[in-house]
Amino acid sequence: MVHYHRSHQPRKPNADSTRDEDSHTIITLDCSTSAYYIKRTRPKLLSFLLLITFLSCCYVFAPLFLPISFSFSHLYSPPIENDGNSDGVDVTDSSCSSVSAGRICCDRSGFRSDVCVMKGDVRTHSASSSILLYSPRSSDNVSVEEELQHEKIKPYTRKWETSVMNTIDELNLISKKVNDVGGCDVQHDVPAVFFSNGGYTGNVYHEFNDGIIPLFITSQHFKKRVVFVILEYHSWWIMKYGDILSRLSDFPPIDFRGDNRTHCFPEAIVGLRIHDELTVDSALMRDNKSIVDFRNLLDQAYWPRIRGLIQKEERKAQEKLREQQASLSQSSETYEYIDQQVQENPMKKPKLVILSRSGSRAITNENLLVKMAKEIGFMVKVLKPDSTTEMAKIYRTLNASDVMIGVHGAAMTHFMFLRPGSVFIQVVPLGTTWAAETYYGEPAKKLGLKYIGYEIHPRESTLYEKYDKNDPILRDPTSINKKGWEYTKKIYLDSQNVILDLGRFRKRLHRAYEYTLSKSKPNLQHQPM
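Not measured: the values here are computed from a predicted model. (Residues numbered from 1 in each chain as written. Predicted model: local features only at pLDDT ≥ 70, side-chain atom pairs only at ≥ 80, totals over all residues. Heavy atoms only, no water.)

Q: Looking at this structure, I do not really get the overall build of the protein chain. What am I missing?
A: Across its full length, the protein chain carries 14 helices and 15 strands. Relative to all contacts within the protein chain whose residues are 6 or more apart in sequence, the contacts with residues 24 or more apart total 75%. Carbon together with sulfur atoms contributes 51% to the accessible area of the protein chain, which is approximately 27,200 Å² in total. (Helix = DSSP H or I, 4+ residues; strand = E, 2+ residues; numbered from the N terminus. Contact = heavy atoms within 4.5 Å. Areas by Shrake-Rupley, 256 points an atom, 1.4 Å probe, with all protein chains shown as cover.)

Structure, rendered in C-alpha cells:
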C-alpha cells in the first residue's frame, strides 16, 4: 500500500490563484499592484517618488517578515518543470556545493526533504545523535570549546508528512572551534552520506521512492567513492538491496546507532535529494542522468546474480537430460523426445507476467485471464512476490518479459524492472485513478514503457455487490476521496477486489500483443497504444 495522502501532496495552482506559497511570488504581485495603483492616481513626479520610497521599504523591511533561509534570488529563480514536486537541483550543483571548510550549509527549500552539507573535519558521535564539524582555534591557551553553528535535521524524504516524520530520528549538526579534537577511531578519506531507513521502509514503493532512488540522485556523482551512514539501520534491508548498494558505494554501510566508534570524514551530506515519484529528473542532475540511468544501474546490480542462477539451472537441466538419456536407448524414442522439446520451446512467444495479489485488490477471475492471454498467443507467468522473494529473481522474470499486468498497489513499483519499450498494463480499481496515474503511470512513461491504464467499471468491482448502484462510492469516487485518506484506504484499498470484464480487457491485451510483435518485426508498423 502506498501512503500517498493525496491531500498533503504538492498540487498545481488553480487557474485563478495568485499565490504560490513555494515561490513567494505574492510579494512580487503585491509590490507591482501597489506601484500600478500609485501610478494611476498621483502626478508623475509624486508617483515616481512614492514608488522609489515603497521599493526601498520593501528592500529594508522584507527580511523582517521572511524566513532566514529565504533569498531574494528565489523571487526570480526559473520555475521547475514538475509542478513543484521536485526538491530543486542536485546537491552537488546547489549553493551548498561551494560551502567553505568548517561550515555547515543547509538547504531547507525543498518540499520533500532537507539536505545539509558539512566540509572539513567531520566526526560522528552517535551517543549524542550528533555529527560534529571541528575547526582549530587560534593559537591561544584557552581550552574551552566554541560552538559556531548548530543545525537539526531529520534525514528522510517525506518532510511534509508530519505523522511519519515524528517517528524519524533527529540529528544534531554542530560546528565547533576547539584546541584539541582528539583522534579518530576510523579515518575515511571519502565523503559520507547520512540518511534514515525509518518511516515506511518495509513497503517496496517507499523503499525505492523514498530511499533507493534518492540515494542514487544524491550519491551517484561520487562514482562509488562514498560511505553510507544509516540511521535506523535494518540488516534485512542491507541484504535485500545489497546488490544495488554495491553499485553506488565501494564501502560497507555504517550503522550510525550500532557503531559507537568515531568515524571521521572530509565531507558529509546529511539527507537525500528526491525529485518526483519514482523518477530522476535529468535537468537537475550532473551529466543529465535520468531514470533510465538508474534502471541501467539495476541491470548492473542484478545480472551477476542472475547469471549465477542461469548457470545453476543449466547444470540441473543437463543432469536431468543425461539421466533421461541413460534410461532410454539411443533409438527413435530418444530423438522423438528431443524433437518434442524443440517444438514446445516457447521462446518466440511474447512473454506476459501477471503480478498476482492476494487479499484486497486481487483479480478474482485471474485463472480466466491467464487462459485468455494464452489463447491470444502469450507465454504467461503468474508472479506472486512477497517480502522474502529475492529481488534478483523478480528482476530476472520481469526483465525477460514483454508485458506486465498488475492491479494498482505497491507491487507496481516493479515496473522499473521492465526493459524500456515493454508494455505495462495497470488495472485501476475504483477510487484509485489519481494515485495510479501519479505514482505508477506517469513514472512508467518517463522510463520509456508503453503504459496502458485500465480503469475498471463499477460492475468490475466487488463493491458493486455491497452498495446500491447509485451510491457515490460507485458513481462518484472523487467525492469519497475528498473526505480523507481514511475513507480511501478503508473503502477502495482494503475492501475491493476486481472481476475483470474479459471481453473489454481483451482489447487492451490484443493491443499489447500486436505492439510486441511489431517490435520484433521491423517491417511492421507499430500499433498505437
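Q: I keep staring at the state of the cysteines and nothing clicks. Help me out?
A: In protein chemistry, a disulfide is the covalent bond that joins the sulfur atoms of two cysteines. Under the definition given, this model contains 2 disulfides. Linked covalently through their sulfurs, C106 and C116 form a disulfide whose S-S length is 2.0 Å. Judged by the sign of its S-S torsion, about 110°, the bond between C106 and C116 is right-handed. In this pair, C106 is assigned in strand 1 (residues 104-107) and C116 in strand 2 (residues 115-125), connecting sequence segments 10 residues apart. Given the relative accessible area of 21%, C106 is considered partly exposed. (Disulfide = S-S within 2.5 Å. Buried < 20%, exposed > 50% of the residue type's maximum accessible area, 1.4 Å probe, protein only.)

Q: I'm lost on the confidence of the model for the protein chain in this one. Help?
A: Caution applies to low-pLDDT parts of the model: their predicted coordinates are not meant to be read in detail. Confidence along the protein chain averages 82 in pLDDT terms, with 75% of residues attaining 70 or more. In the predicted structure, residues 88-92 sits below a pLDDT of 50 and forms 21 contacts with residues beyond four places in sequence or in another chain. The low-confidence segment residues 523-528, where pLDDT is below 50, has 9 contacts with residues more than four positions distant or belonging to other chains. (pLDDT = per-residue confidence, 0-100.)

Q: Could you clarify how one ought to interpret unusual backbone geometry in this entry?
A: Where the residue is not glycine, phi is negative for most of them; where a peptide bond is considered, it is trans in most cases. Non-glycine residue K223 carries a positive phi angle of around 55°. Of note, K223 is situated in the loop between helix 4 (204-219) and strand 8 (227-231). For D287, which is not glycine, the phi dihedral falls at a positive 60°. With respect to the helices and strands, the residue D287 is situated in the loop between strand 10 (263-270) and helix 6 (291-327). What makes D287 exposed here is its relative accessible area of 63%.

Q: Is there a simple way to think about the pattern of salt bridges in this case?
A: Where charged atoms from two side chains of opposite charge come close, those side chains can pair. With the rule as written, the count across this model stands at 23 salt bridges. Ionic pairing is found between E460 and R504, a salt bridge with its closest N-O pair at 2.6 Å. One end of the pair, E460, is in the loop between strand 15 (450-455) and helix 11 (472-475); the other, R504, is in helix 14 (residues 502-520), with 44 residues separating them in the sequence. By the burial criterion, E460 is buried, and R504 matches it. In this structure, a network of salt bridges that share partners links the residues R108, D114, E151 and K159. (Salt bridge = Lys/Arg side-chain N within 4 Å of Asp/Glu carboxyl O.)

Q: Help me understand the packing of aromatic side chains, please; the structure alone is not making it clear to me.
A: For any pair of aromatic rings, the description rests on two quantities: the centre-to-centre distance and the angle between the ring planes. Tallied over the entire structure, the rule returns 20 aromatic pairs. Judged by centre distance (6.5 Å) and plane angle (85°), the rings of F208 and F294 are edge-to-face. Placement of F208 in helix 4 and of F294 in helix 6 is noted, with a sequence separation of 86 residues between them. With respect to burial, F208 and F294 carry one shared label: buried. (Phe/Tyr/Trp six-rings, centres within 6.5 Å; stacked < 30°, edge-to-face > 60°.)

Q: Teacher, can you tell me more about the environment of L132 here?
A: With respect to the element layout, L132 can be found in strand 3 (residues 130-136). According to the relative accessible area criterion, L132 is buried, its value standing at 10%. L132 sits 11 residues away from D121 along the chain, and the two C-alpha atoms are 8.0 Å apart. Each residue touching L132, except ones within four places of it in the same chain, is listed here: M118, D121, V122, R123, H125 and I174.

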